[in-house]
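Summary of structural features
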Amino acid sequence: MNFKMKFVSMVIVSLFVSNAAFAVISSTSAEFFDSTTEGTSSTSNSTKKIFSQNDKDRLEKFVDQNFDRLQEESARGQGVLLTDYVNLVGCDNSRGVVTKAMHDNYGMLFNSGKNQLVNQTEKLINSNSNLARACETKS
Amino acid sequence: MKLNLKVFCAVLFLVLPMAFAVGGPLPAPSTSTSLPDEKIILLSKDKLWLRLLHLSVPYTKVISSGFYLSGSLDPLAELRVNLSRALGDSSFRCKFPARDQWLRSQFGELSFPDAGAASGACAEYDSWRGSQVVDSISIVYPDRNVQTSLGVFSHTFLKLNLARWPRSSNLNIALGFAAELDPNEPFVSLVSKGLFGGYVAQFTFSNYYTEVNRYGESESRDIFEYDLKFSKSEIDFLLKHMWELQDADFQYYFLSGNCSYHLLTLLEIARPSLDLSSGFDYVTVPSTSLRVVLAAPDLVGKRHWIPGKQTRQNLMVARLSEPGRALYRELRYGGLAFYSDLFSARGISAEETALILDLLAESTRGRSDLALLRGEVLNYRSQLPVGGDVVALEFPSENPETAHGVELISVGFGQDSGRSDTWAQLRYRAALHNVLDPPSGYFRDSTFELADLRVRYYGSREFDGSSFTLLNAVILQSVTEDQFPISWRARSRVNDFLSRAVWENSGGVGFSKNFSSVSVSLMGLAETFMDSREKAGVGVFAGASVGLGFNLFEMLRVQASLDRLSALQSVREGNYWQGEVSVGYSKNAAFSIQSSLVSSWRERSLILEGLYYY
């Protein structure tokens, strides 16, 4: 093999090594093509059962991936993920009522651990008429 | 010697992908029709039609069945069959809504079925379009980092901002292009399959929070978002095409048909007047593709920035007073017991107390050994008033737009000890960054270079001292009070390849520490060489290295290293020192001047270089 071929081979291998970075192990998510995906949670029947099973699944997935940061933002009373969570629950947080309630009830919501957050949120909303109203407005 | 690398690569990457194409034969052609032939022939070459079929270049073709209705990769045959289907089958738009729209716009003289006629058959598609309203689209670029091999060249993906969520929401959708890799794949197999399209890839969708967690939190990389100024109709057309692609498999080529290339093709489909991908026929680097997007006229709107975990913590620390910082460090690293009156006892204001608690909460995240402290911090923080933005999210002055180009060429001059004549040097580096290069938009304190060719010509009319460096990496990760990441270096280089061939490989591991603008490193070293001209010209050395680097006013960078090596087996001297002092100066991202004094194994060289990045 002459030098030119050696050089080009080395360049190709080195470029390959660098560009291997572009391939990301990932699984395809069909969720985007699911018309029932996030944001369609119904909260109209909020007296007892606020979340449907689908809502809960979505919320639990969100909580599972974001629990630690959600915890921090709830303790602080504001943040992008906290707002996302409240939106995902289906509440109108335009006056910050819901995020403030999550801040004020931090211990009740978070001290039971990750798996109980959605249930505790449901309890919190049911226990407070202002919250129940705020979480009825979106559908 | 003339080396026309790009031409060679062009041939290689055009021919090989076709030769190694995966996927079985496509189904046989289904129908043909008698339609306006002349017009069909003309439109089969239309760039948007080719883009919709992903046939603009050979390596972007879809390999799964069902995408090409004609069963062939012939755009003309495909146009005939698609037109025939669109004219005769009202449900055609359920499966291929973008093609249907294009055909209707191009063949206005023909009578297509009423678009609403198949509303029942298109229920799934119509329901999806009704529920997934996309307001805007952004292109996202997580900044480079050296903590993972994936981070050096970075990545690009799109963010679909849904109408139902705020633009800043992490509930929006990330759209990327990715291959499914088997982590247990043997390296040789991975290389060959990666180069020649052996992996299957798809466009993938995920929640944006998944990407923010991966890049911003786990890998601590700043995330840059650029809103694309697409109209509603452009977004609508792109989404229609994404529906067509939901079951489409592609071949993944690491160099060419990678994530960044395929994203460019999507943008070109949304706005057919764009020509973004044509410059990337053989190699597509994410940062370079982003630069092309940023340079496109009237394409990029507002810019946004999500600071990575470390950046955010640095910004928070910077906002603390000296006593506040001291208290934070005592609590976080010094084992100081936490109690709520601690802050007032130290004279810390309520506002700063909240900031310290927020910082403590962030910096103890995921640390099981600090779970107790974290719990106390969060409980106390929840008793303080709501508020305290972590950081102001102003777009930073250092960002991907201010980064230098990936490739460089340089002209240099130098002189060696023991010779009276000077030499001139031409240099080409394929990628990526040296610590002496302008640092903006790159990893500071670290070097990662690939395929660095230097050809020297001496005044005495001879080529000598030319070198080819396959890899030169010096990755420094600073130790902190409680974390000790490994720093490392590796280099593989062929010296004097035009007269003799000395292949040198060296590597080292150790630790480094950053002090503001100064970094210090200490590493153990090993080095080997093979000299083709010397009898038994093999050497193995071990030793240690100390390095020092500092930045002055962002324009001037100084790097010094001193290695001491002892021979375990060598025809050279048993023990020797080698050292290098280099200075880099630049006022912008395009051009810099560097000078090095290199002293190694009884030889010394002084080099002055002017470098141009592109």
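Residues numbered from 1 in each chain as written. Chains lettered and ligands numbered in written order. Predicted model: local features only at pLDDT ≥ 70, side-chain atom pairs only at ≥ 80, totals over all residues. Heavy atoms only, no water.

Quick look at the environment of Arg329(B) now. Residue and element names in this part refer to chain B. Within the secondary structure layout, Arg 329 lies in helix H14 (residues 322-332). Considering only alpha carbons, one finds Arg 329 and Leu 276, 53 residues apart in sequence, at a separation of 49 Å. Sequence-distant contacts of Arg 329, defined by excluding residues within four places in its chain, comprise Gly 334 and Glu 481. (Helix = DSSP H or I, 4+ residues; strand = E, 2+ residues; numbered from the N terminus. Contact = heavy atoms within 4.5 Å.)

Residues and elements named next belong to chain B. Tallying each qualifying case throughout the model produces 31 aromatic pairs over all chains. Look at Phe 338 and Phe 343: their rings are 6.0 Å apart centre to centre, the planes differ by 65°, and that puts the pair in the edge-to-face class. As far as burial versus exposure is concerned, Phe 338 and Phe 343 are alike and both buried. Aromatic ring contacts, followed pair by pair, group Phe 177, Tyr 199, Phe 203, Phe 250, Tyr 252 and Phe 254 into a single cluster. Directly above the aromatic system of Phe 67 lies the positively charged group of Arg 99, at a separation of 4.6 Å from the ring centroid. The ring of Phe 515 has Lys 513 lying over it, and the distance from NZ or CZ to the ring centre is 5.8 Å. (Phe/Tyr/Trp six-rings, centres within 6.5 Å; stacked < 30°, edge-to-face > 60°. Buried < 20%, exposed > 50% of the residue type's maximum accessible area, 1.4 Å probe, protein only. Lys NZ or Arg CZ within 6 Å of the ring centre and 35° of its normal.)

To continue, consider the state of the cysteines. This model, assessed by the stated rule, comprises 2 disulfides over all chains. Note on cysteine connectivity: Cys91(A) is disulfide-linked to Cys135(A), with sulfurs 1.9 Å apart. Judged by the torsion about the S-S bond (95°), the Cys91(A)/Cys135(A) disulfide is right-handed. Of the two residues, Cys91(A) is situated in the loop between helix H3 (80-89) and helix H4 (97-104) and Cys135(A) in the segment after helix H7 (129-134); the sequence distance between them amounts to 44 residues. A residue is classified by how much of its surface remains accessible, and Cys91(A), at 1% relative accessible area, is buried. A sulfur-sulfur distance of 1.8 Å marks the disulfide that ties Cys94(B) to Cys122(B). The sign of the S-S torsion, about -75°, decides the handedness of the disulfide formed by Cys94(B) and Cys122(B): left-handed. (Disulfide = S-S within 2.5 Å.)

This part takes up the packing of helix H11 (residues 259-270) of chain B against helix H12 (residues 286-295) of chain B. All names here are of chain B. Viewed as axis vectors pointing N to C, H11 and H12 meet at an angle of 20°, and their least axial separation amounts to 9 Å. Relative to H12, the element H11 lies roughly parallel. Both H11 and H12 take part in a crossing whose hand is right-handed. On H12, the residues touching Ser 260, Leu 264 and Leu 267 of H11 are Pro 286, Ser 289 and Val 293. For the contact of H11 with H12, a count of residues per class yields 4 nonpolar, 2 polar and no charged. (Axes fitted to C-alpha atoms, helices over the stretch in contact; angles between N-to-C directions. Parallel < 35°, antiparallel > 145°, perpendicular 65-115°, else oblique. Left-handed = near helix turned anticlockwise from the far one by under 90°. Nonpolar A, V, L, I, M, F, W, Y, C, P; charged D, E, K, R; others polar.)

In this section: helix H13 (residues 309-319) of chain B. Residue and element names in this part refer to chain B. Taken together, the buried positions of H13 are Arg 312, Gln 313 and Met 316. Angular distribution of buried residues about the axis of H13 spans 95°; they occupy a single face of the element. Elements that come into contact with the buried residues of H13 comprise helix H9 (208-218) and helix H16 (350-363). (Arc of directions from axis to C-beta.)

So, on to helix H10 (residues 232-244) of chain B. With 13 residues, H10(B) should cover 18 Å at 1.5 Å per step; its first-to-last C-alpha distance of 19 Å lies within 8% of that length. Of all 13 residues in H10(B), 10 are buried; the element is thus mostly enclosed. (Expected span 1.5 Å × (residues − 1).)

Let us now look at a nonpolar patch on the surface. Residues and elements named next belong to chain B. A contiguous nonpolar patch, built from Ile 409, Leu 552, Phe 553, Met 555, Tyr 585, Phe 591, Ile 593, Leu 608, Tyr 612 and Tyr 614 and spanning about 950 Å² of accessible area, is present on the exposed surface. At the level of secondary structure, the elements contributing two or more residues to the nonpolar patch comprise strand E19 (591-600) and strand E20 (603-613). Judged by relative accessible area, Ile 409 falls into the partly exposed class, the value being 40%. (Patch = residues over 30% accessible without salt bridge, like charges linked within 9 Å, V, L, I, M, F, W, Y side chains within 5 Å. Areas by Shrake-Rupley, 256 points an atom, 1.4 Å probe, with all protein chains shown as cover. Salt bridge = Lys/Arg side-chain N within 4 Å of Asp/Glu carboxyl O.)

All names here are of chain B. Read from one edge to the other, the open sheet built from 7 strands follows the order E6-E4-E3-E2-E1-E5-E7, with strand pairing classed as antiparallel. Across the chains shown, the open sheet's two edge strands, defined by having one partner strand only, are strand E6 (250-252) and strand E7 (300-306). Averaged over neighbouring strand pairs, the angle between their axes works out to 35° when direction is ignored. Relative to strand E2 (residues 157-162), strand E1 (residues 134-142) is paired through 6 bridges, and the arrangement is antiparallel. By the bridge assignment for E2, Ile 137 is matched with Leu 160. (Pairing = 2+ DSSP bridges.)

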